[in-house]
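# Topology and contacts: notes
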Amino acid sequence: AADFPNLNFTFVRNDIYYKTNYIYSMCLAREYMNDDLVFLHGDLVFNRKLVHDVLACPDKNTGTVNFSKALPEKDFKGRVQDGKLLEVSIHIFDEDCYAFQPFYKLQKAAASAWIGKVVEFIHKGEDRCYAENALNEIFPALNVRAFDYNGYYVDEIDNVEDWARVKEEILPFDE
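Below, the structure is looked at part by part. These numbers come from a predicted model, not from an experiment.

Along the backbone of the protein chain there are 6 helices and 8 strands. For the protein chain, the N- to C-terminal ordering of α and β elements is α-β-β-α-β-β-β-β-α-α-α-β-β-α. Computed over its C-alpha atoms, the radius of gyration of the protein chain comes to 16 Å, within 12% of the 16 Å expected for a compact globule of 175 residues. Each principal axis of the C-alpha atoms in the protein chain carries an extent, and together these give about 45 × 45 × 35 Å. Per-residue burial for the protein chain yields a buried fraction of 42% across its 175 residues. Sequence-distant contacts in the protein chain: of pairs separated by 6 or more residues, those separated by 24 or more amount to 66%. On the protein chain, the mean spot of the 19 positive side-chain charges and the mean spot of the 30 negative ones are 4 Å from each other.

The following block contains the structure:
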């Protein structure tokens, strides 16, 4: 905290986390998400340079894809056309789909639009799906550009085995 004296945290508790997906947590936190955002899933691990370069990227709205990596079976893929993200899902495997990690930089307008859709989903009782399901309904209008994370380290930790692997793999990236 000494390096960032003006940095403050607000924790929002989701008492039903065990039966909802993070779309519900996002809805609970919506009043604090009223500015430009860097939005990412809590299980992501990435090197420092990725954050720096995403923030420095001239594109106002970005999501991270890897145009070189093989498509994952169970994890997110992003549909990209003309450099623009149009869909994020675990179920898409088409030629215009690429490995995707949920690390977004969004201007306030795009973030607000997504949060608005999230709230609609929650009001319809859809609280177990990914927040990307709500995002997909408005993705084409948001002009979210694909940021290629090839050459950076980005992975997720779902279990102890992932943690052991990731803590070794990331070391060369931030030396």
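Picking up where we left off.
As a further point, take unusual backbone geometry. Of note, the phi angle at Asp82 is positive, near 50 degrees, even though the residue is not glycine. Secondary-structure assignment places Asp82 in the loop between β4 (77-81) and β5 (84-89). Accessibility expressed as a relative area gives 75% for Asp82, which makes it exposed. Of note in this structure, Asn143 is not a glycine but carries a positive phi near 55 degrees. Along the chain, Asn143 turns up in the loop between α5 (139-142) and β7 (145-148). Taking relative accessible area as the criterion, Asn143 reaches 38% and is therefore assigned partly exposed.

The subject of this paragraph is the side chain of Thr64. Considering the arrangement of structural elements, one finds Thr64 in strand β3 (residues 62-66). Polar contacts involving the side chain of Thr64 include one to the main-chain carbonyl oxygen of Gln101, which spans 2.6 Å. The contacts of Thr64, once residues within four sequence positions are left out, are Leu50, Val54, Ala99, Phe100, Gln101, Phe103, Phe147 and Tyr149.

Looking at the element boundaries, Ile23 is found in helix α1 (residues 22-28). Measuring from C-alpha to C-alpha, the distance between Ile23 and Ala131 comes to 4.5 Å, with 108 residues separating the pair along the chain. With residues near it in sequence (within four places) discarded, Ile23 still touches Val118, Phe121, Ile122, Glu126, Asp127, Arg128, Cys129, Tyr130, Ala131 and Ala134.

Let's shift gears to the layout of surface pockets. Vacant regions in the atomic arrangement are exposed by a probe of water-molecule size rolled over the atoms. Reported here for the largest pocket is a volume of approximately 850 Å³. Mapped by element, the contributors of at least two residues to the lining of the largest pocket are α1 and β1 (37-40). Estimated volume of the second largest pocket: approximately 230 Å³. The element that contributes the greatest number of residues to the lining of the second largest pocket is strand β6 (residues 97-106), accounting for 3 residues.

So, on to the side chain of Thr20. One can find Thr20 in the segment before α1. Within polar-contact distance, the side chain of Thr20 engages the side chain of Asn14 at 3.2 Å. Among the polar contacts made by the side chain of Thr20, one reaches the main-chain carbonyl oxygen of Ile16 at a distance of 3.1 Å.

Let us look at the pattern of salt bridges. Tallying each qualifying case throughout the model produces 13 salt bridges. Across the pair Arg79 and Glu87 runs a salt bridge whose closest N-O atoms are separated by 2.8 Å. Owing to a relative accessible area of 15%, Arg79 belongs among the buried residues under this scheme. Its salt-bridge partner being Asp162, residue Arg165 comes within 3.4 Å of it at the nearest N-O pair. Pair noted here: Arg165 and Asp162 are both in helix α6 (residues 160-169), with a separation of 3 residues, about one helical turn. Overall, Asp162 belongs to the buried group, its relative accessible area being 15%. Each of the salt bridges in this network shares a partner with another, and the network as a whole consists of Arg79, Glu87, Asp94 and Asp96.

Conventions we followed
- Residues numbered from 1 in each chain as written.
- Predicted model: local features only at pLDDT ≥ 70, side-chain atom pairs only at ≥ 80, totals over all residues.
- Heavy atoms only, no water.
- Helix = DSSP H or I, 4+ residues; strand = E, 2+ residues; numbered from the N terminus.
- Rg over C-alpha atoms; globule rule 2.2 N^0.38 Å.
- Buried < 20%, exposed > 50% of the residue type's maximum accessible area, 1.4 Å probe, protein only.
- Contact = heavy atoms within 4.5 Å.
- Lys, Arg positive; Asp, Glu negative; His and termini not counted.
- Charge placed at Lys NZ, Arg CZ, Asp CG, Glu CD.
- Polar contact = N/O pair within 3.5 Å; in protein donor to acceptor, adjacent residues only side chain to side chain.
- 1 Å grid on protein atoms, 1.4 Å probe; cavity = no way out; pocket = protein on both sides within 12 Å on 5 of 7 lines; lining within 4 Å.
- Points joined across faces, edges and corners; volume = space filled by probe spheres on them.
- Salt bridge = Lys/Arg side-chain N within 4 Å of Asp/Glu carboxyl O.

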